[in-house]
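Each chain, letter by letter, is given below.
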Amino acid sequence: MNQKSKYTLILVVFAFFSWSCDTTPTDQDLLEGLKTDVTFLAADDLGGRAIGTEGEQKAADYLAEEFKKSGLEPKGTVGYFQPFTVSKPTNPHEEAVIGTDGEGVTGRNVIGFIDNKSENTIVIGAHFDHLGMGGQSSLHRGDSAIHNGADDNASGTAALVALAKILKHEKHSSNFLFIAFSGEENGLWGSNYFVKNPTIELSTVNYMINMDMVGRMNEEKTLAINGVGTSPSLLPALDLVNADSLKLVTSESGIGPSDHTSFYLQDLPVLHFFTGQHSDYHRPSDDSDLINYEGLLLVVKYIDRLVDELDAEPKLAFTKTKDSSGDSPRFTVSLGVVPDYLFDGRGMRIDGVSEDKPAQAAGLMKGDVVLQMGDSTIVDMMSYMRALSAFQKGDSTSLAFERAGAKLEAKVKF
């Protein structure tokens, strides 16, 4: 082969390689990427990714590299990173101070940007930190152990990376800001810091999508979507893009125990995606081999279609939801159960029962549906919380529930 032929062949190979690297990833590519990302983030080597630890720093470095490989522009304050420091107060009645000055624990949000030269930007986020060796938020009652948080929230973080890969290769009329938040487990620290110190003009944000615990889709293919009441444009679009026949369970509120709340409180429409609670939540057993990767891919593809559908809309109008005034029920007692947040029937279905708590003492079991507590009828989660807020420690009450179609009663002492 002469020199000219060799040169021509090199150009052809280079052109083919460039073209193949610039195509939208296949489902198989995405599935392999999800497995790789969750496995890395939820490995023992990262020690549970608690904010300020070496494991959290390794996770942040990994995500920055993934953003770079996907072609995202750095949009932090230091490259892809947005460092912040949280000073914990000595007085338990004071809030933690989140900023960049003073002593405390330092975390890093990881931020990448797709600039489509638009006036509007869609924020897509997930938190990548977890509980480290446990701590107060752990539900583990044994010796200290690594809490790998494969579902909470390596799953959402892997979905974030997958969406970055997809959206980089699609044509959209909006920009995209991808944020991996740290400090969520401690009180939404990273998202709180970002909305008060945004790296883009917050007024340009159209809406925010949050993925927190999206890795354990059940056999019914149930997907919970919270925040659907934060804009009138959201709910009509959800069924239009449901090409995979997912069972959608929606709630209106923009308030919840995850990072979308920080954006909702800035008067921005939000959606929180969630595939349900499970017995491994906040325990060392939340490992990568328990993730439903095919289900996780369905979540990613659903969100991609939803973004495409909403892209045809003008900038979304914001709507405050009913419970946004801070008047949610407050309670001093606990039944000791994990509610099934995906249940869309009448009552509150129990998804797990904690040891040595009132529910276990009363003989309640996973799958039981609580229908009444004392004088209060339970029709949904909110009515359950309102009923629970009426009791004090030491109180007793009757509890009506359904088990395998049979109506039963139990006596509960708080």
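Please refer to the structure placed before this passage.
This report concerns the structure included in the present document. Since the model is a prediction, treat every value here as computed from it, not as a measurement.

Rules behind the numbers
- Residues numbered from 1 in each chain as written.
- Predicted model: local features only at pLDDT ≥ 70, side-chain atom pairs only at ≥ 80, totals over all residues.
- Heavy atoms only, no water.
- Helix = DSSP H or I, 4+ residues; strand = E, 2+ residues; numbered from the N terminus.
- Phe/Tyr/Trp six-rings, centres within 6.5 Å; stacked < 30°, edge-to-face > 60°.
- Lys NZ or Arg CZ within 6 Å of the ring centre and 35° of its normal.
- Salt bridge = Lys/Arg side-chain N within 4 Å of Asp/Glu carboxyl O.
- Buried < 20%, exposed > 50% of the residue type's maximum accessible area, 1.4 Å probe, protein only.
- Core = buried A, V, L, I, M, F, W, Y, C linked by side-chain atoms within 4.5 Å.
- Axes fitted to C-alpha atoms, helices over the stretch in contact; angles between N-to-C directions.
- Parallel < 35°, antiparallel > 145°, perpendicular 65-115°, else oblique.
- Left-handed = near helix turned anticlockwise from the far one by under 90°.
- Contact = heavy atoms within 4.5 Å.
- Nonpolar A, V, L, I, M, F, W, Y, C, P; charged D, E, K, R; others polar.
- Expected span 1.5 Å × (residues − 1).

### Re unusual backbone geometry
Now for step 1: Following Asp152, the chain continues to Asn153 via a peptide bond in cis, the omega torsion being 0 degrees.
Now for step 2: Structurally, the position occupied by Asn153 is in helix H4 (residues 150-167).
Now for step 3: A positive phi angle, near 60 degrees, is found at Lys221, a position not held by glycine.
Now for step 4: One can find Lys221 in the loop between strand S7 (205-211) and strand S8 (222-226).

### Re the packing of aromatic side chains
Now for step 1: For the coordinates displayed, the defined rule picks out 9 aromatic pairs.
Now for step 2: Aromatic ring contacts, followed pair by pair, group Phe181, Phe194 and Phe263 into a single cluster.
Now for step 3: One Lys or Arg, Lys75, reaches over the ring of Phe113 and ends 4.9 Å from the middle of that ring.

### Looking at the pattern of salt bridges
Now for step 1: One pass over the structure, following the stated rule, counts 11 salt bridges.
Now for step 2: Here Lys58 ties to Glu54 by a salt bridge, and the two come within 3.7 Å at their closest N and O atoms. On the criterion of helical spacing, the pair formed by Lys58 and Glu54 is a turn pair, its members being 4 residues apart in helix H3 (residues 54-69).
Now for step 3: When its relative accessible area of 38% is taken as the criterion, Lys58 is described as partly exposed.
Now for step 4: Looking at Glu54, the relative accessible area reads 54%, which means it is exposed.
Now for step 5: The partner of Lys320 in a salt bridge is Asp267, and the shortest N-O contact between them spans 3.4 Å. In this pair, Lys320 is assigned in the loop between helix H8 (293-310) and strand S11 (337-339) and Asp267 in the loop between helix H7 (260-264) and strand S10 (270-274), connecting sequence segments 53 residues apart.
Now for step 6: The class of Lys320 is exposed, set by a relative accessible area of 55%.
Now for step 7: A relative accessible area of 40% places Asp267 in the partly exposed class.

### Some points on the nonpolar core
Now for step 1: Core analysis: the largest hydrophobic core is formed by 65 residues, its most contacted members being Val110, Ile124, Phe178, Phe273 and Tyr302.
Now for step 2: Counting 19 residues, the second largest nonpolar core, distinct from the first, contains Met348, Met373, Ala410 and Phe414.

### Side note on the packing of H3 against H4
Now for step 1: Here H3 crosses H4 at 15 degrees, and the two axes come no closer than 9 Å. The angle between the axes of H3 and H4 places the two elements in the roughly parallel class. Remark: the crossing between H3 and H4 carries right-handed chirality. Facing Leu63, Glu66 and Phe67 of H3, the residues of H4 in contact are Thr157, Leu160, Val161 and Lys165.
Now for step 2: Each residue belonging to the contact of H3 with H4 can be placed in one class, and the counts come to 4 nonpolar, 1 polar and 2 charged.

### Regarding H3
Now for step 1: Across its 16 residues, H3 extends 23 Å between first and last C-alpha, which sits within 8% of the 22 Å expected from 1.5 Å per residue.
Now for step 2: Inspection of H3 places Gly55, Glu56, Ala59, Ala60, Tyr62, Leu63, Ala64, Glu66 and Phe67 among the buried residues, and these make up the whole buried set.
Now for step 3: Looking at the buried side of H3, the elements it contacts are helix H2 (27-41), strand S2 (81-87), strand S4 (105-114), H4 and strand S6 (175-181).
Now for step 4: Taken from the residues just after H3, Gly71 is the one with a positive phi, measuring 90 degrees.

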